[in-house]
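For reference, the chains in residue letters:
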Amino acid sequence: MSIINRLKTLFKGDIEKEETDINNDVLNTSDDVEVTSSQIEKEPVTEAEPVVEAEEATVEESADSVEDSASDDINPEEDKVETIKEEIHEKVEADKEEIHEKVETIKEEIHEKVEAEKDVKEADEDSNKDKERDTMTLLTDTELLNDSNRDPDFTAEFIDAGIETVKHCFQCGTCSGSCPSGRRTPYKVRQIVRKCLLGLKDEVITDDALWMCTTCYTCQERCLRSVKIVEIIKKARNIAAHAGYMAKPHKMTGVFVMNTGHAVPINDNVKALRAKIGLPELPPTTHTYPEALEEVQKLCKITAFDELIGYDEATGGLKE
């Protein structure tokens, strides 16, 4: 064998020996590790577990004892609280019932009082209506209609004025049912016509409702017997005015006639409306011919119209 091979063998043998020694050391070390780990695993299992269980049992026992003692201390207090709550609840319920009964009693008293006042009010209204109704009827409870109440000449004045249709009225009520003024005022045209026919002059000329007619002619247009109702009202007003009974608004209309020649003087709205429908803004009256106003005033003086309405020429109004 050559020197080189020997050297290789020597080196190789040493290396194998070293490897063998290392493997032996590793095995010995692993055995020690296994023994130690086994001891570690055995020791806690055999010694620690009973201690932990005992401690847990002790804690549980102490907690139970605390709960028992606490429950023993709290239960009596809870019973007292519950008892007080029940007493308060019963008292509140009793107070509620008592208050409810009082409220119901008060409500009934108020309702009875209101009903009583309502009955009194309705009775007063009924009595007032009866009184008003009596003034609008031809007869009252205390008087009878006879010849002493009638004035035949009063009825004759209508006939002489060409209003003989006053005798044709058979009191159907169409005129009163159609009257716009009668819906809002005491004006009852049917009754006035009847009184004119019967000759009840004083009742007709002293009635303020006589001046509430607007002369719209609705009643006359709808009359089944073609009675000249508006003409009858105008004639009755004429008689009343000469007797000294005339409504102030109608006197003021007369003042307008004296001052302007018109019962309703023209205004800007009327002028605009006349122009819109193709008419001159001013009608061919005293508005267009102011000099004609003197003639109107002269005629009013000749007919004593100014005295009839109480016209004051100095102030251009009514006399005091």
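It should be noted that the structure appears before, not after, this text.
No experiment lies behind these values; they were computed from the predicted model shown.

Of all the residues in helix α2 (residues 152-160), the buried ones are F154, T155 and F158. In an axial view of α2, the angular spread of the buried residues amounts to 95°, which keeps them on one side of the axis. Away from its buried face, by an angle of more than 90 degrees, α2 presents the exposed residues P152, D153 and D160. Elements in contact with the buried residues of α2: α4 (189-198), α5 (201-205) and α7 (229-242). Of the residues one or two after α2, G162 is the one with positive phi, at around 90°.

So, about the layout of surface pockets. Space inside the largest pocket adds up to approximately 250 Å³. W211, K234, R237, M246 and H250 are the residues nearest the centre of the largest pocket, which is lined by 13 residues in total. Of all the secondary-structure elements, those providing two or more residues to the lining of the largest pocket are α7 and α11 (305-309). In terms of residue count, the dominant contributor to the lining of the largest pocket is α7 (four residues).

Right, let's talk about the environment of C172 for a bit. By the secondary structure assignment, C172 is in the loop between α2 and α3 (174-178). When its relative accessible area of 43% is taken as the criterion, C172 is described as partly exposed. In sequence terms C172 and R190 are 18 residues apart; their C-alpha atoms lie 8.3 Å from each other.

Let us now look at the packing of α4 against α7. As a packed pair, α4 and α7 sit with axes 10 Å apart at the nearest point and diverge in direction by 65°. By the angle class used here, α4 and α7 are roughly perpendicular. Our pair here, α4 against α7, has a crossing hand that is left-handed. Here V189, I192, V193 and C196 of α4 lie close against α7, whose contacting residues are I229, I232, I233 and A236. Among the residues making up the contact of α4 with α7, the classes are represented as eight nonpolar, no polar and no charged.

Along α4, eight of the 10 residues are buried, which leaves the element largely enclosed by surrounding structure. Taken together, the buried positions of α4 are V189, Q191, I192, V193, K195, C196, L197 and L198. Trailing α4 by a residue or two, G199 shows a phi angle of about 85°, which is positive.

Here we come to the state of the cysteines. Taken as a whole and judged by the stated rule, the model has zero disulfides. With no disulfide of its own, C169 lies closest to C175 among cysteine sulfurs, the gap being 6.2 Å. Looking at the unpaired C223, the closest cysteine sulfur is the one in C172, lying at 6.2 Å.

Let's shift gears to a negative patch on the surface. A surface patch of like charges, here negative, comprises E78, D79, E82, E86, E87 and E90. Assignment of secondary structure puts E90 in helix α1 (residues 3-136). For E90, a relative accessible area of 54% translates into the label exposed.

In this section: the pattern of salt bridges. In the structure shown here, the tally under the stated rule is three salt bridges. Between E98 and K102 there is a salt bridge, and its shortest N-O distance comes to 3.6 Å. Highlighted residues: E98 and K102, both in helix α1, separated by four residues, approximately one helical turn. With relative accessibility at 40%, the residue E98 sits in the partly exposed group. As a salt-bridge pair, K195 and E203 come within 3.3 Å of each other at their nearest N and O atoms.

A few words now on unusual backbone geometry. Phi angles above zero are rare outside glycine, and T215 is one such case at about 50°. The topology assignment puts T215 in the loop between α5 and α6 (218-222). On the basis of relative accessibility, which here comes to 29%, the residue T215 falls in the partly exposed class.

Conventions we followed
- Residues numbered from 1 in each chain as written.
- Predicted model: local features only at pLDDT ≥ 70, side-chain atom pairs only at ≥ 80, totals over all residues.
- Heavy atoms only, no water.
- Buried < 20%, exposed > 50% of the residue type's maximum accessible area, 1.4 Å probe, protein only.
- Helix = DSSP H or I, 4+ residues; strand = E, 2+ residues; numbered from the N terminus.
- Arc of directions from axis to C-beta.
- Contact = heavy atoms within 4.5 Å.
- 1 Å grid on protein atoms, 1.4 Å probe; cavity = no way out; pocket = protein on both sides within 12 Å on 5 of 7 lines; lining within 4 Å.
- Points joined across faces, edges and corners; volume = space filled by probe spheres on them.
- Axes fitted to C-alpha atoms, helices over the stretch in contact; angles between N-to-C directions.
- Parallel < 35°, antiparallel > 145°, perpendicular 65-115°, else oblique.
- Left-handed = near helix turned anticlockwise from the far one by under 90°.
- Nonpolar A, V, L, I, M, F, W, Y, C, P; charged D, E, K, R; others polar.
- Disulfide = S-S within 2.5 Å.
- Patch = residues over 30% accessible without salt bridge, like charges linked within 9 Å, V, L, I, M, F, W, Y side chains within 5 Å.
- Areas by Shrake-Rupley, 256 points an atom, 1.4 Å probe, with all protein chains shown as cover.
- Salt bridge = Lys/Arg side-chain N within 4 Å of Asp/Glu carboxyl O.
- Lys, Arg positive; Asp, Glu negative; His and termini not counted.
- Charge placed at Lys NZ, Arg CZ, Asp CG, Glu CD.

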